[in-house]
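A look at the structure
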Amino acid sequence: MAQPIQDEHPVPIIDAARCTGCGLCVRVCPTHALMMKDGLAVVANPQACAYTGHCERICPEQAISRPFQIVFSPKEEAK
Ligand code: SF4
């Protein structure tokens, strides 16, 4: 049975253990979804995230990753 598509808003995952607090991701984010908090980058405004990937690409520490969900559509019945 097909599963309903979840109405979730994915956001980048920031590995706090890798983040050095350089702030590059915050500066490059076009929608201001990220901010610095206690010296580390955080997704402070998740609904603003447009999933552009600018933050992931610019991070010199590879501290940011963007999860993707692969969804298979049900096979259409042969007519
Ligand atoms: S670019 Fe990477 S290391 Fe720099 S603040 Fe953002 S997550 Fe941290």
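Residues numbered from 1 in each chain as written. Predicted model: local features only at pLDDT ≥ 70, side-chain atom pairs only at ≥ 80, totals over all residues.

Examining the overall build of the chain
Here is the rule: Strands are runs of DSSP state E lasting at least two residues, helices are runs of H or I lasting at least four, and both sets are numbered from the N terminus onward. Exposure classes come from backbone-placed C-beta atoms, where a residue is buried if 20 or more other C-beta atoms lie within 10 Å of its own, exposed if 12 or fewer do, and partly exposed in between. Each residue is represented by a C-beta atom placed from its backbone, and any two residues with such atoms within 7 Å are regarded as in contact.
The secondary structure content of the chain amounts to 2 helices and 4 strands. In sequence order, the chain lays out its α and β elements as β-α-β-β-α-β. Expressed as a percentage of the 79 residues in the chain, the buried residues total 14%. Across the chain, every contact between residues at least 6 apart in sequence was considered, and the portion connecting residues at least 24 apart equals 52%.

Some points on the environment of Gly 23
Looking at where Gly 23 falls in the secondary structure, it is placed in the loop between β1 (13–14) and α1 (24–28). Separated by 18 residues in sequence, Gly 23 and Ala 41 have C-alpha atoms that sit 6.8 Å apart.

Some points on the site of the ligand
Heads up, the condition is: By definition, a residue lies near a molecule or strand provided its backbone-derived C-beta atom is within 6 Å of it. Under this grouping Gly is polar, as are all residues other than the nonpolar Ala, Val, Leu, Ile, Met, Phe, Trp, Tyr, Cys and Pro and the charged Asp, Glu, Lys and Arg.
With respect to spatial proximity, 14 residues lie near the ligand, and among them Cys 19, Cys 22, Cys 25, Ala 41 and Cys 59 are the closest. Grouping the constituent residues of the shell around the ligand by class yields 10 nonpolar, 3 polar and 1 charged.

A short note on the nonpolar core
Cut-off, in case you're wondering: Connectivity within a nonpolar core runs through C-beta atoms within 7 Å, and the core itself is a set of buried Ala, Val, Leu, Ile, Met, Phe, Trp, Tyr and Cys residues.
Counting 10 residues, the largest nonpolar core consists of Ile 14, Cys 25, Cys 29, Ala 33, Leu 34, Ala 41, Cys 55, Cys 59, Ala 63 and Ile 64. Discounting chain neighbours no more than four positions away, the residues touching Ala 41 are Ile 14, Cys 19, Cys 25, Val 26, Leu 34 and Met 36.

Let's talk about the environment of Arg 57
Along the chain, Arg 57 turns up in helix α2 (residues 54–58). Judged by local crowding, Arg 57 falls into the exposed class, with 10 C-beta atoms found within 10 Å. Spatially, the C-alpha atom of Arg 57 lies 8.7 Å from that of Cys 25, the residues being 32 residues apart in sequence.

Comments concerning the pairing of strand β3 (residues 40–43)
Where we set the bar: Pairs of strands are assigned from DSSP output, requiring at least two bridges between the strands.
Pairing of strand β2 (residues 34–37) with β3 involves 4 bridges; the strand directions are antiparallel. Following the sheet pairing, Lys 37 is matched in β3 by Leu 40. As consecutive antiparallel partners, β2 and β3 are separated by 2 residues, and within that stretch Asp 38 has a phi angle of approximately 50 degrees, a positive value.

Points about unusual backbone geometry
Backbone geometry places His 32, a non-glycine residue, at a positive phi of 60 degrees. For His 32, the location among the structural elements is in the loop between α1 and β2. Judged by the 11 C-beta atoms lying within 10 Å of it, His 32 falls in the exposed class. Positioned with a positive phi, Asp 38 is a non-glycine residue whose angle comes to about 50 degrees. Inspection of the secondary structure assignment puts Asp 38 in the loop between β2 and β3. For Asp 38, a count of 7 C-beta atoms within 10 Å translates into the label exposed.

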